[in-house]
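# Fold and contact review
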Amino acid sequence: MDQIFLLLLTAATSLGAVVVGVRVLGLVRARLKTAVHCALELVGASVVFFVVNLIVALPVILAVRAFTSQFLSVYLLNDLMLIVLSTLQGIVFCCWRRA
């Protein structure tokens, strides 16, 4: 039920955003498909950065453990901030590519 509620909530706010965009802001509904493609590109780039960050971070953590007296936990990679920063990396990269 929780997932259905969240899905209905986001569907309703998305529909509201389309209505406000078309009626109040004068946005063209036909360009919504292009906007969705752009958003999916941003999501894809963010996922790629997230995976690369994980691939790079794990050996670094293991190397720090092996070659120094410091202990870094692999649980550092479970931090929500990694997702936020990876998303920011993806957004900046896509914007840079388009500039």
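Scoring rules and cut-offs
The numbers attached to residues start from 1 for each chain and follow its sequence in the written order. Side-chain atom pairs in this predicted model are given and counted only at pLDDT of 80 or more, local residue features only at pLDDT of at least 70, and totals for whole chains, interfaces and linings cover all residues. Side-chain calculation: all heavy atoms of the structure are included, whereas hydrogens and water are not. Only residues whose relative accessible area exceeds 30% and that form no salt bridge enter a patch; like-charged residues are grouped when within 9 Å of one another, and nonpolar side chains (Val, Leu, Ile, Met, Phe, Trp, Tyr) when within 5 Å. Computed with a 1.4 Å probe, the accessible areas rest on the Shrake-Rupley method; for each residue, only the protein chains presented here act as cover. Note on definitions: salt bridges are taken to be side-chain nitrogens of Lys or Arg within 4 Å of carboxyl oxygens of Asp or Glu. Labels follow the DSSP assignment, with helices taken as runs of H or I lasting at least four residues and strands as runs of E lasting at least two, numbered in each case from the N terminus. Think of it in three bands: residues with accessible area under 20% of the maximum for their type are buried, residues over 50% are exposed, and the middle band is partly exposed, with areas taken using a 1.4 Å probe on protein chains only. For Phe, Tyr and Trp, where Trp contributes only its six-membered ring, two rings pair if their centres lie within 6.5 Å, and the inter-plane angle classes them as stacked under 30 degrees, edge-to-face over 60, or tilted in between. Throughout this description, a polar contact denotes any pair of N or O atoms lying within 3.5 Å of each other; where both atoms belong to protein, one of them has to be capable of donating a hydrogen while the other can accept it, and for residues adjacent in sequence the pair is counted only when both atoms sit in side chains. Only heavy atoms matter for contacts: two residues are in contact if any of them lie within 4.5 Å across the pair. Helix axes are fitted to C-alpha atoms over the stretch in contact, other axes to C-alpha atoms as well, and angles between N-to-C directions run from 0 to 180 degrees. Orientation categories follow fixed angle ranges, with anything under 35 degrees roughly parallel, anything over 145 roughly antiparallel, 65 to 115 roughly perpendicular, and all other angles oblique. Crossings are classed by handedness, with left-handed meaning an anticlockwise turn of the near helix from the far one by less than a right angle and right-handed meaning a clockwise turn. Amino acid classes used here: Ala, Val, Leu, Ile, Met, Phe, Trp, Tyr, Cys and Pro are nonpolar; Asp, Glu, Lys and Arg are charged; the rest, including Gly, are polar.

Before going further, it helps to examine a nonpolar patch on the surface. A contiguous nonpolar surface patch, about 640 Å² in accessible area, is contributed by Leu80, Met81, Ile83, Val84, Leu85, Leu88 and Val92. Of note, Val92 is situated in helix H3 (residues 80-98).

For the rest of this paragraph, the subject is the environment of Val92. Looking at Val92, the relative accessible area reads 49%, which means it is partly exposed. Measuring from C-alpha to C-alpha, the distance between Val92 and Ala45 comes to 9.6 Å, with 47 residues separating the pair along the chain.

We now examine the packing of aromatic side chains. Tallying each qualifying case throughout the model produces 2 aromatic pairs. Seen from their ring centres, Phe49 and Phe93 are 5.8 Å apart, and the 65° between their planes marks the pair as edge-to-face. Here the residue Phe49 occupies a position in helix H2 (residues 32-67), and Phe93 occupies one in helix H3, the gap between them amounting to 44 residues. On the accessibility criterion, Phe93 (35% relative accessible area) is partly exposed. With centroids separated by 6.0 Å and ring planes inclined at 80°, the aromatic side chains of Phe93 and Trp96 adopt a geometry described as edge-to-face.

So, on to the side chain of Asn53. Checked against the element boundaries, Asn53 lands in helix H2. Looking at Asn53, its side chain comes within polar contact range of the side chain of Ser86, at 2.9 Å. Sequence-distant contacts of Asn53, that is, excluding residues within four places in its chain, are made with Leu82, Ser86 and Gln89.

The interhelical angle for the contact between H2 and H3, taken along N-to-C directions, is 125°, at an axis separation of 7 Å. In terms of orientation, H2 and H3 fall into the oblique class. Considering the relative orientation of H2 and H3, their crossing is right-handed. Packed against H2, whose contacting residues are Cys38, Glu41, Leu42, Ala45, Ser46, Phe49, Phe50, Asn53 and Leu54, the element H3 presents Leu82, Ile83, Ser86, Thr87, Gln89, Gly90, Ile91, Phe93, Cys94, Arg97 and Arg98 at the interface. Considering only residue class, the contact of H2 with H3 consists of 11 nonpolar, 6 polar and 3 charged.

One pass over the structure, following the stated rule, counts 2 salt bridges. Arg97 is the salt-bridge partner of Glu41, the closest N and O atoms lying 3.2 Å from each other. Of this pair, Glu41 sits in helix H2 while Arg97 is found in helix H3, placing the two residues 56 residues apart along the sequence. Judged by relative accessible area, which is 23%, Glu41 ranks as partly exposed. Since its relative accessible area comes to 57%, Arg97 is described here as exposed. As a salt-bridge pair, Glu41 and Arg98 come within 2.7 Å of each other at their nearest N and O atoms.

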